[in-house]
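Spelled out from the first residue to the last, the chains are:
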Amino acid sequence: MRQNIVAGNWKMNNNLSETKKLIKEIKKNLKSVNLKNTRVFISPTFVNLRTAVKKTKKCEIEVVAQNMHYEEKGAFTGEISADMLLNLGVNTVILGHSERREYFGETDEILTKKVNTALKNNLEIVFCFGEKLEDRENKNHFKVVESQLKNVLFHLSKKEIKNIILAYEPVWAIGTGKTATANEAQEIHAFVRKLLAEQYDKETANSISILYGGSVKPNNAQEIFSKEDVDGGLIGGASLKADDFTAIIKSI
Ligand code: 13P
């Protein structure tokens, strides 16, 4: 059975005290929630990962990183390696977020190297993909999604791809308040699962969690999560408020 996952991507928000406060509030809220088959991720900025790991030791919340470099070590000023994350107790990393692609020039080629390095180091990956507004307007969204997945992931073995959590994040829905409708999300998720089944096999396709991200809020989470191929969400803005994040977790 594939896992449900609700992941909070905190992006460049929350200093150390805010990080501690938010974790405390989420932990308190989750005490009364039966998480069953649902994993909960939070992803603070690099400088607060160590504190976040410490503060979540005795609860189900998992701390994930927002990025990492593809080289193992060396003269790469300002970068963070896989080993550095693992050594802190972080076992999962988000790769390919559209903000990394858009503002930091991360191409499919760079992302392929990052994916390979992460897997070599036994890191689990939340791999983000999704089309821009113009792609959708030109009805190219299926093609764009297919090429993002094929270019970066489809060289992986069946065993390797099972360490990847996919996150469909249409760029036009991120931070805009415009959500894909539940049906639009389901349509892409089903398409992705079909691609996985063709490339690997049905069993593999059915074992990979596909999250939706883009303006998920307490008032739309339930409908989106109710769709057959939507296994949870990657949440930006709403993950910064403990009550909203908890409400979204409860919607799954
Ligand atoms: P919002 O939920 O703020 O739209 O952000 C989505 C996102 O980018 C999560 O990675």
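Report follows, based on the coordinates. (Residues numbered from 1 in each chain as written. Predicted model: local features only at pLDDT ≥ 70, side-chain atom pairs only at ≥ 80, totals over all residues. Heavy atoms only, no water.)

What follows is about the layout of surface pockets. Considered as a void within the structure, the largest pocket measures approximately 420 Å³ in volume. As for the largest pocket, its lining consists of 16 residues, and the residues nearest its centre are Lys11, Met12, Gln66, Arg100 and Phe104. (1 Å grid on protein atoms, 1.4 Å probe; cavity = no way out; pocket = protein on both sides within 12 Å on 5 of 7 lines; lining within 4 Å. Points joined across faces, edges and corners; volume = space filled by probe spheres on them.)

A word on the environment of Lys162. Along the chain, Lys162 falls in the loop between helix H8 (158–161) and strand E6 (164–168). Classification of Lys162 by relative accessible area gives partly exposed; the value is 38%. Linking Lys162 and Ala205, residues 43 residues apart in sequence, is a C-alpha distance of 8.8 Å. A polar side-chain atom of Lys162 sits 3.0 Å from a polar atom in the side chain of Glu203. (Helix = DSSP H or I, 4+ residues; strand = E, 2+ residues; numbered from the N terminus. Buried < 20%, exposed > 50% of the residue type's maximum accessible area, 1.4 Å probe, protein only. Polar contact = N/O pair within 3.5 Å; in protein donor to acceptor, adjacent residues only side chain to side chain.)

Our focus in this paragraph is the nonpolar core. Ranked by internal contacts, the top residues of the largest apolar core, which has 66 residues, are Val115, Phe127, Leu149, Leu153 and Leu166. With seven residues, helix H9 (residues 182–199) is the single largest residue contributor to this core. Not counting residues up to four positions away in its chain, the partners in contact with Leu153 are Val115, Phe127, Ile161, Ile164, Leu166 and Tyr200. (Core = buried A, V, L, I, M, F, W, Y, C linked by side-chain atoms within 4.5 Å. Contact = heavy atoms within 4.5 Å.)

On to a positive patch on the surface, then. A grouping of Lys20, Lys24, Lys27, Lys28, Lys31, Arg50, Lys54, Lys55, Lys57 and Lys58 is seen on the molecular surface, where their side chains present a positively charged patch. Of all the secondary structure elements, the ones that give two or more residues to the positive patch are helix H1 (16–30) and helix H2 (49–55). A per-element tally of the positive patch places H1 first, with four residues. (Patch = residues over 30% accessible without salt bridge, like charges linked within 9 Å, V, L, I, M, F, W, Y side chains within 5 Å. Areas by Shrake-Rupley, 256 points an atom, 1.4 Å probe, with all protein chains shown as cover. Salt bridge = Lys/Arg side-chain N within 4 Å of Asp/Glu carboxyl O. Lys, Arg positive; Asp, Glu negative; His and termini not counted. Charge placed at Lys NZ, Arg CZ, Asp CG, Glu CD.)

The subject of this paragraph is the pairing of E6. Along E6, five of the five residues are buried, which leaves the element largely enclosed by surrounding structure. Sheet analysis places strand E5 (residues 124–129) next to E6, joined by five bridges and oriented parallel. What sits directly across from Ile125, in E6, is Ile164. In the sheet, E6 pairs with strand E7 (residues 210–213) via three bridges, with the strands oriented parallel. The residue bridging Ala167 from the neighbouring strand is Leu211, located in E7. (Pairing = 2+ DSSP bridges.)

All right, on to the packing of aromatic side chains then. What the rule picks out here adds up to four aromatic pairs. Relative to Tyr168, the ring of Phe129 has its centre 5.8 Å away and its plane inclined at 35°; by these criteria the two rings are tilted. Taken together, the positions of Phe129 in strand E5 and Tyr168 in strand E6 put the pair 39 residues apart, joining distant regions of the chain. With relative accessibility at 2%, the residue Phe129 sits in the buried group. The class for Tyr168 is buried, based on a relative accessible area of 0%. Ring centres of Phe154 and Tyr200 lie 5.9 Å apart, and the angle between their planes is 90°; on these two criteria the pair is classed as edge-to-face. With Phe154 in the loop between helix H7 (141–153) and H8 and Tyr200 in the loop between H9 and helix H10 (202–207), this pair connects stretches of sequence that are 46 residues apart. Just as Phe154 is buried, Tyr200 falls in that class too. Cluster of aromatic residues (ring-pair linked, three or more members): Phe129, Tyr168 and Tyr212. In this structure, Arg100 is placed above the aromatic ring of Phe104, and the distance from its NZ or CZ to the ring centre is 4.1 Å. (Phe/Tyr/Trp six-rings, centres within 6.5 Å; stacked < 30°, edge-to-face > 60°. Lys NZ or Arg CZ within 6 Å of the ring centre and 35° of its normal.)

Turning to the pairing of strand E8 (residues 232–235), a few remarks are in order. Here E8 shows a buried face lined by Gly232 and Leu234 and a second buried face lined by Gly233 and Ile235. Two strands pair when backbone bridges link them, and E7 and E8 are joined in this way by two bridges, in the parallel orientation. Bridge pairing in E8 places Gly213 opposite Leu234.

Quick look at the side chain of Thr204 now. Topologically, Thr204 is positioned in helix H10. Residues within four places of Thr204 in sequence aside, it is in contact with Lys158, Ile161 and Lys162.

The next thing to look at is the site of the ligand. In the vicinity of the ligand, the contacting residues are Asn9, Lys11, His97, Glu169, Ala173, Ile174, Gly175, Gly214, Ser215, Leu234, Gly236 and Gly237. Between Gly236 and the ligand, the recorded distance is 2.9 Å, taken from a backbone N or O atom to an oxygen atom. For the shell around the ligand, a count of residues per class yields three nonpolar, seven polar and two charged. (Near = heavy atom within 4 Å. Nonpolar A, V, L, I, M, F, W, Y, C, P; charged D, E, K, R; others polar.)

Counted at 1.5 Å a residue, the expected span for H9 with its 18 residues is 26 Å, and the 26 Å between its end C-alpha atoms agrees. Looking only at H9, the buried set comprises Ala182, Ala185, Gln186, Ile188, His189, Phe191, Val192, Arg193, Leu195 and Leu196. (Expected span 1.5 Å × (residues − 1).)

Don't take any of this as a statement about function, it's just geometry.
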